[in-house]
Amino acid sequence: METRILEIDDGALALAADIIRGGCQVAFPTETVYGLGANAFDSAAVDSIFRIKGRPNDNPLIVHVHKDYDLSRLVRDVPDYAVKLAKAYLPGPLTMVYKSLGVVSPAVSCGLDTLAVRIPSHEGAQRFLRYLDLPVAAPSANISKHVSPTSAEHVYADLQGRIPLILDGGRCAGGIESTVLDCTGDTPTILREGLITREMIAAVAGSCSVYTLKEGEAARSPGMKYRHYTPDCGAVLYAKENLFGALERYDGELSRGGNPVIMCDNVTAEKTGDRSCLNLGSSPAEIAASLYAALREGERKFGFIIAVEPVFEGGEMDGVMNRLTKACGSKI
Ligand code: TXA
Ligand code: MG
């Protein structure tokens with residue numbers, strides 16, 4: 001199958017709508033990462049998403065809708081705090097999990113009685129979703145467990161030949177996936193950290209907890225039990241206090257004939273001398289936006305990524321550290 005990449009205009013949207021209505025998949029941009037979309041009412045089309053990505057079939061998908069879509073068609077029991085959060089942060093990188101009305105295909109939530117709903121703020125995503133006026137089930141548009149895509153080229157690298165169309169909306173400004181928030185309880189619980197932070201949610205909802213998977217417990221968000229965001233080369237993560245160790249590791253890899261690269265923020269990059277370096281930038285927002293592109297550049301041009309924990313802490317860095325740890329393993 002030929003995979004086309006088209007900028008978002010009326011012609012591309014008409015083609016995308018034909019493909020989705022015909023039961024096939026289209027990759028589209030959002031403000032976080034690119035998604036691989038299918039009609040959420042069409043079980044065969046949703047099943048194909050899992051096959052195309054090689055995704056485990058117990059890891060549920062998020063449905064994406066445009067900002068005027070009536071959510072009461074899809075979910076029930078929306079608590080007051082969720083209404084307030086939606087007013088404050090949507091459209092935007094916040095996915096909210098509610099009790100499902102069960103009208104979309106059961107394949108979307110892998111049989112769970114809940115449904116994760118996201119209203120992306122990316123203008124191209126809004127145009128695509130409004131043109132369709134359908135809930136679009138979409139995971140990130142990468143091969144399962146690989147680094148998520150933040151450009152049309154990243155999607156093409158992973159999915160060329162497997163999907164007919166990629167809508168090109170440029171580089172994703174956010175760079176890490178949306179915050180996933182369980183809104184089925186009396187208070188909200190973060191299932192996956194992202195750019196809408198715990199502090200931002202607590203400021204509107206009064207409180208907010210972060211769910212962590214305990215040994216032997218069934219995952220409330222099945223995605224959290226899988227390895228993710230892994231580059232196709234070796235990768236390790238050093239604590240910021242252990243920059244010396246990271247530099248020593250680099251020099252050791254080099255002297256053994258390896259092709260290492262340091263991945264770090266701008267402050268740390270100044271201290272790496274003439275070593276090869278992937279500079280993530282000088283603020284938490286820049287670091288989030290460049291992280292996945294840097295991991296992909298690392299695997300393409302180098303043989304071993306030595307990541308150093310950024311100097312910033314808290315807020316959106318919680319989401320960044322969550323992804324970095326999943327990509328590179330725990331801190332050394
Ligand atoms: O930013 C994003 O969220 C991107 C863009 C494309 O919107 N999408 C994305 O999808 O990251 P995916 O499939 O890579 O991650 C979805 C996450 C998984 O961790 C999954 O377990 C969780 O959302 N999830 C989906 N439905 C759920 C549900 N009903 N209950 C709990 N967790 C759910
Ligand atoms: Mg994903």
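Now for a description of the structure that goes with this document.

How each quantity is defined
- Residues numbered from 1 in each chain as written.
- Chains lettered and ligands numbered in written order.
- Predicted model: local features only at pLDDT ≥ 70, side-chain atom pairs only at ≥ 80, totals over all residues.
- Heavy atoms only, no water.
- Axes fitted to C-alpha atoms, helices over the stretch in contact; angles between N-to-C directions.
- Helix = DSSP H or I, 4+ residues; strand = E, 2+ residues; numbered from the N terminus.
- Parallel < 35°, antiparallel > 145°, perpendicular 65-115°, else oblique.
- Left-handed = near helix turned anticlockwise from the far one by under 90°.
- Contact = heavy atoms within 4.5 Å.
- 1 Å grid on protein atoms, 1.4 Å probe; cavity = no way out; pocket = protein on both sides within 12 Å on 5 of 7 lines; lining within 4 Å.
- Points joined across faces, edges and corners; volume = space filled by probe spheres on them.
- Nonpolar A, V, L, I, M, F, W, Y, C, P; charged D, E, K, R; others polar.
- Near = heavy atom within 4 Å.
- Polar contact = N/O pair within 3.5 Å; in protein donor to acceptor, adjacent residues only side chain to side chain.
- Areas by Shrake-Rupley, 256 points an atom, 1.4 Å probe, with all protein chains shown as cover.

Once that is clear, we can look at the packing of helix α9 (residues 284-301) against helix α10 (residues 317-328). Relative to each other, α9 and α10 sit at 20 degrees, their axes nearing to 10 Å. Judged by the inter-axis angle, α9 sits roughly parallel to α10. Here α9 runs over α10; the crossing is left-handed. Residues Pro284, Ile287, Ala288, Leu291, Tyr292 and Leu295 of α9 form the contact with α10, whose participating residues are Met317, Val320, Arg323, Leu324 and Ala327.

Right, let's talk about the layout of surface pockets for a bit. Of the voids in this model, the second largest pocket is the one considered here, and its volume is about 210 Å³. Forming the walls of the second largest pocket are 13 residues, and the residues nearest its centre are Leu71, Ala82, Val83, Ala86 and Leu90. At the level of secondary structure, the elements contributing two or more residues to the lining of the second largest pocket comprise α3 (80-89) and β6 (94-100). Examining the composition of the lining of the second largest pocket, we find that 4 residues originate from one element, α3, more than from any other. Grouping the constituent residues of the lining of the second largest pocket by class yields 11 nonpolar, no polar and 2 charged.

Glancing now at the site of ligand 1. Close contacts around ligand 1 come from 26 residues, with Thr32, Asn59, His64, Arg118 and Ser178 the closest. Arg118 is positioned such that a nitrogen or oxygen atom in its side chain is 2.7 Å from an oxygen atom of ligand 1. Between ligand 1 and Ser140 there is a distance of 3.1 Å, counted from an oxygen atom to a side-chain nitrogen or oxygen. In isolation ligand 1 has 680 Å² of accessible area, and contact with the protein removes 96% of it. Top contributing element to the shell around ligand 1 by residue count: strand β7 (residues 114-118), with 3 residues.

Let us now look at the environment of Thr32. Mapped onto the elements, Thr32 comes out in the loop between β2 (26-28) and β3 (35-39). With 139 residues separating them along the chain, Thr32 and Arg171 place their C-alpha atoms 9.4 Å apart. Setting aside its immediate chain neighbours within four residues, Thr32 contacts Pro93, Arg118, Thr150, Cys172, Gly174, Gly175, Ile176, Glu177 and Ser178. A polar contact of 2.9 Å, which involves the side chain of Thr32, links it to the side chain of Thr30.

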